[in-house]
Protein chains: 2
Amino acid sequence: MRKNGDVYDASCSARDALELIASKWALLILPALAAGPMRNAALLRRIGGISQKVLTQTLRELERNGLILREDKGMRPRRVEYRLSRLGKSLSRALRILDRWAERHFPALDAARERYAANQASQRSASRL
Amino acid sequence: MRKNGDVYDASCSARDALELIASKWALLILPALAAGPMRNAALLRRIGGISQKVLTQTLRELERNGLILREDKGMRPRRVEYRLSRLGKSLSRALRILDRWAERHFPALDAARERYAANQASQRSASRL
DNA sequence: CAGTATCCTCGGAGATACTG
DNA sequence: CAGTATCTCCGAGGATACTG
């Protein structure tokens, strides 16, 4: 992306940051970890519908960006814990606002979708006259 | 908000809402429209790297969810304007917080990535000994 | 248990050309 | 000018099996 012509000005890196955040899975993992440190298996259970591969990928990406910390206590059987870094907690707080927005407004979104569907239907039947 | 250890139960719809938001393009279109109503071509210019098709798709999806309004004034040549709905403005305000977070913290993210890369490199060379 | 390695599928998204 | 219609391709992500 961002092929030719630097259309957008200074906020390019911020845009990258946004894209990191705008990952569906990151948006679910961070809140999960906000509750406290968690292990791989627990995250798999907690976040329904994510595969082991994608979970690992996303965790690595979050770790790479300094949002979470990975602690591998060298035990047998193995035990690895993930937890939010300071930066991750900060982001998590910002995300909570979005979360609350979603909770508060999804009824409105649903309603809008129904209205839209109804409109579509009536327009289809009108054009058939 | 999914406080107990169960997989997501009640907050499924909110999760859907989050996924709508977690679209890279929606995250760019909404702030663009926050500045004021805009037409197709203007959005294409403003948001670098998006194709006509994807722009239309995203706009439709946002309209369907009641976040933006589409106004087609029946002129020749055609003139269609998009603008935020009340709901869209509300979301846009919530997103601005994220935006600010990204602007404020992307240096930290960058730094973390460099640290990570350095670690990787030193670990690779260590394992080669 | 945490993580990798493979293989494979499906759909997101680009390019291009066309229409009202 | 806004939008559709096709065709195409690439890669994110799922399933499964294996390893330390």
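The coordinates are above.
Residues numbered from 1 in each chain as written. Chains lettered and ligands numbered in written order. Predicted model: local features only at pLDDT ≥ 70, side-chain atom pairs only at ≥ 80, totals over all residues. Heavy atoms only, no water.

**Observations concerning helix α2 (residues 26-34) of chain B**
Residues and elements named next belong to chain B.
- The buried count for α2 comes to seven of nine residues, which makes it a mostly enclosed element.
- Those residues of α2 that sit buried are Ala26, Leu27, Leu28, Ile29, Leu30, Ala32 and Leu33.
- Looking one or two residues beyond α2, the residue adopting positive phi is glycine 36, at roughly 145°. (Buried < 20%, exposed > 50% of the residue type's maximum accessible area, 1.4 Å probe, protein only. Helix = DSSP H or I, 4+ residues; strand = E, 2+ residues; numbered from the N terminus.)

**Re a positive patch on the surface**
Residue and element names in this part refer to chain A.
- A surface patch of positive charge is lined by Arg83, Arg86, Lys89, Arg93, Arg96, Arg100 and Arg104.
- Element by element, the count of residues in the positive patch is highest for helix α5 (residues 86-127), at six residues.
- Since its relative accessible area comes to 59%, arginine 104 is described here as exposed. (Patch = residues over 30% accessible without salt bridge, like charges linked within 9 Å, V, L, I, M, F, W, Y side chains within 5 Å. Areas by Shrake-Rupley, 256 points an atom, 1.4 Å probe, with all protein chains shown as cover. Salt bridge = Lys/Arg side-chain N within 4 Å of Asp/Glu carboxyl O. Lys, Arg positive; Asp, Glu negative; His and termini not counted. Charge placed at Lys NZ, Arg CZ, Asp CG, Glu CD.)

**Overview of the protein's contact with DNA strand C**
- Around DNA strand C, a shell composed of 15 residues is seen, among which Asn40, Arg70 and Tyr82 of chain A together with Ser51 and Lys53 of chain B lie nearest.
- Among the atoms of DNA strand C lying within 4 Å of the protein, the sugar-phosphate backbone contributes 68%.
- Within the side chain of tyrosine 82 of chain A, a nitrogen or oxygen atom sits 2.7 Å from a phosphate oxygen of DNA strand C.
- Broken down by secondary-structure element, the contributors of at least two residues to the surface near DNA strand C are α3 (40-46), α4 (52-64) and β3 (79-84) of chain A together with α4 (52-64) of chain B.
- Among the elements that line the surface near DNA strand C, the one with the most residues is α4 of chain A, at four residues.
- Residue composition of the surface near DNA strand C, by class: four nonpolar, five polar and six charged. (Near = heavy atom within 4 Å. Polar contact = N/O pair within 3.5 Å; in protein donor to acceptor, adjacent residues only side chain to side chain. Nonpolar A, V, L, I, M, F, W, Y, C, P; charged D, E, K, R; others polar.)

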